[in-house]
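The lines below spell out each chain.
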Amino acid sequence: MKLTERLNQDTLSLSFEVFPPKTDTAFESVKHATEEIAKLRPSFMSVTYGAGGGTSRYTLEIAKTIKEHYGVPTLAHLTCVSSTRETVRRKIEEIRAAGIQNVMALRGDIPQGMEQEDRSHWDYRHAVELVRELRESNADLCIGGACYPEIHPESQNQKEDIRYLKEKVDAGCSFLTTQMFFDNNLLYNFLYKIREAGITVPIIPGVMPITNGNQVERAIKLSGSFMPQRFKSLVDKFGASPAAMKQAGIAYATDQIIDLFANGVTNVHVYSMNKPDVAAAIQRNLSDILG
Ligand code: FAD
């Protein structure tokens, strides 16, 4: 099923993200986590590509299993940074052969310490080029892209970021998923600005439940997200106690999601990080709200 069919429904739903294992030995535990999350019957599950510590090798295999064995629509991520055109075309062919219908087209992060001149020979510099490649291929795909309510860390300003975002959508994105954020007002402000800029595709807000104190620093560093005082106080108070932080983090994410639903959002993507218990707890909290 193409995600656009799902996203155009009015019912309220959650989708979840998993990331592939770092090593072959971790495959079984990721498979188990994936199966448990799939049992929650989310609107779809996304599988990252070399992000969150996972490798890219298993992305397609996991995405295919989610779709074929668990009957949940799946979204396979694909990055293009430092890949050759030949490699990307081969990947697209593999996606087509696996029967995957939804692809998240990403640039990927620039390897640390790499200078601008070292990138001069790259076949792809931005996600927009991957979107075009996917659109022009013979795979009939629903393509998604990433967007940043608090602007992408490399952007000079929001106006420029939104201008490039519009270019990416015009190249063939049917929906966008946001970077995590901890203050919903940032999202509402962003939505206003992108709609004003003529971006009309569905936007899926991404919410990350922070369930352990050590996760905070890494998540903020990766995303550059603003931490509201309310959230900081919660981490200060409960960060040292794993059980309390987990409960508080789930409650904070639940609260964010309820507010998003109350303000017109119909699908929230939960960065569930291979944690079925966290995904299940959020879903339980919303049992009478979800469609
Ligand atoms: P782009 O759209 O190319 O944007 C990157 C920067 O370039 C922005 O500052 C943008 O304004 C600018 N830009 C865009 N087009 C142009 C242009 N034509 N000329 C000049 N500047 C331009 N990473 C992974 O490795 N694997 C994953 O699975 C993964 N999943 C993600 C899922 C989501 C929802 C999000 C938000 C991020 C994900 N990431 C993942 C991280 C992502 O790869 C990084 O944030 C990366 O730095 C940017 O990727 P992008 O696709 O947004 O890039």
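Scope of this entry: the structure provided in the associated data block. (Residues numbered from 1 in each chain as written. Predicted model: local features only at pLDDT ≥ 70, side-chain atom pairs only at ≥ 80, totals over all residues. Heavy atoms only, no water.)

Topic: helix 11 (residues 276–285)
Every buried residue of helix 11 is listed here: V278, A279, A280, A281, I282 and Q283. Contact partners of the buried residues in helix 11: strand 1 (13–18), helix 2 (27–38), helix 10 (242–262) and strand 8 (267–270). (Buried < 20%, exposed > 50% of the residue type's maximum accessible area, 1.4 Å probe, protein only. Helix = DSSP H or I, 4+ residues; strand = E, 2+ residues; numbered from the N terminus. Contact = heavy atoms within 4.5 Å.)

Observations concerning the sheet that holds strand 1
Strand order in this closed barrel of eight strands is 1-2-3-4-5-6-7-8, and the pairing throughout is parallel. Put simply, the sheet's adjacent strands are angled 30 degrees from each other on average, direction ignored. Both strand 1 and strand 8 contribute to a ladder of four bridges, which runs parallel. Paired with S15 across the bridge in strand 8 is H269. (Pairing = 2+ DSSP bridges. Axes fitted to C-alpha atoms, helices over the stretch in contact; angles between N-to-C directions.)

Digging into the packing of helix 4 (residues 85–97) against helix 5 (residues 127–136)
At a minimum axis distance of 11 Å, the contact between helix 4 and helix 5 shows a crossing angle of 50 degrees. Here helix 4 is positioned oblique relative to helix 5, judged by the angle of their axes. Note on packing geometry: the crossing formed by helix 4 with helix 5 is right-handed. Residues R85, V88, R89 and I92 of helix 4 pack against L130, E133 and L134 of helix 5. (Parallel < 35°, antiparallel > 145°, perpendicular 65-115°, else oblique. Left-handed = near helix turned anticlockwise from the far one by under 90°.)

Observations regarding unusual backbone geometry
Despite not being glycine, S82 shows a phi value in the positive range, around 60 degrees. In this structure, N274 is a non-glycine residue whose phi angle is positive, near 60 degrees.

Focus: the nonpolar core
Within the largest apolar cluster, 67 residues are counted, with the highest numbers of intra-cluster contacts made by L14, L134, L176, I257 and I282. In this structure I282 touches L14, P209, I250, A253, T254, I257 and V270, once residues within four positions along its chain are discounted. M180, V216, V235 and Y252 belong to the second largest nonpolar core, which has 14 residues in total. (Core = buried A, V, L, I, M, F, W, Y, C linked by side-chain atoms within 4.5 Å.)

What about helix 3 (residues 59–68)?
Among the residues of helix 3, those classed as buried are T59, L60, I62, A63 and I66. Around the axis of helix 3, the buried residues are gathered within 165 degrees of arc, so they sit on the same side. Looking at the packing, one finds that the buried side of helix 3 touches strand 1, helix 2, strand 2 (45–47), strand 3 (74–79) and helix 4. (Arc of directions from axis to C-beta.)

Describing the pairing of strand 1
For strand 1, the buried fraction is high: six of the six residues fall into the buried class. Neither face of strand 1 is left uncovered, since the one carrying S13, S15 and E17 and the one carrying L14, F16 and V18 both have all their residues buried. Direction of pairing for strand 1 relative to strand 2: parallel, over a ladder of three bridges. The residue of strand 2 that forms the bridge with F16 is M45.

Describing the pattern of salt bridges
Scanning the entire structure with this criterion turns up 12 salt bridges. Salt-bridge contacts for E94 lead to K91; the nearest nitrogen and oxygen are separated by 3.3 Å. A residue pair is termed a helical-turn pair when its members lie 3 or 4 positions apart in one helix, as E94 and K91 do in helix 4 at three residues. The closest approach of N and O atoms between E93 and R96, which form a salt bridge, is 2.7 Å. A residue pair is termed a helical-turn pair when its members lie 3 or 4 positions apart in one helix, as E93 and R96 do in helix 4 at three residues. Taking the relative accessible area as the measure of exposure, R96 reaches 38% and is therefore partly exposed. Taken together, the shared-partner salt bridges connect R85, R89 and E133 into one network. (Salt bridge = Lys/Arg side-chain N within 4 Å of Asp/Glu carboxyl O.)

Side note on the packing of helix 9 (residues 229–238) against helix 10
Between helix 9 and helix 10, whose axes approach to 9 Å, the crossing angle comes to 165 degrees. Relative to helix 10, the element helix 9 lies roughly antiparallel. Once helix 9 is placed against helix 10, the crossing between them reads as right-handed. Contacts between helix 9 and helix 10 involve R230, F231, L234, V235 and F238 from the former and A244, M245, A248, Y252 and D255 from the latter. Tallied by class, the residues present in the contact of helix 9 with helix 10 amount to eight nonpolar, no polar and two charged. (Nonpolar A, V, L, I, M, F, W, Y, C, P; charged D, E, K, R; others polar.)

A look at the site of the ligand
Contacts to the ligand come from 25 residues, most closely from Y49, D109, Y148, S155 and D161. Within the contact set of the ligand, an oxygen atom lies 2.6 Å away from a side-chain nitrogen or oxygen of Y148. Here H152 contributes a side-chain N or O atom positioned 2.8 Å from an oxygen atom of the ligand. The set of elements that each furnish at least two residues to the shell around the ligand consists of strand 3, strand 4 (102–106), helix 6 (158–172) and strand 6 (175–180). (Near = heavy atom within 4 Å. Polar contact = N/O pair within 3.5 Å; in protein donor to acceptor, adjacent residues only side chain to side chain.)

A short note on the pairing of strand 4
Within strand 4, five of the five residues are buried, which leaves it mostly tucked inside the rest of the structure. Here strand 4 shows a buried face lined by N102, M104 and L106 and a second buried face lined by V103 and A105. Bridge count for strand 3 against strand 4 is four bridges, and the pairing is parallel. Bridged to A76 within strand 4 is V103. As for the winding sense of the linkage, the β-α-β connection from strand 3 through helix 4 to strand 4 is right-handed. Alignment of strand 4 against strand 5 (residues 142–147), held across three bridges, turns out to be parallel. Bridging across to strand 5, N102 finds its partner in C142. (Right-handed = clockwise from strand over helix to strand, strands pointing away.)

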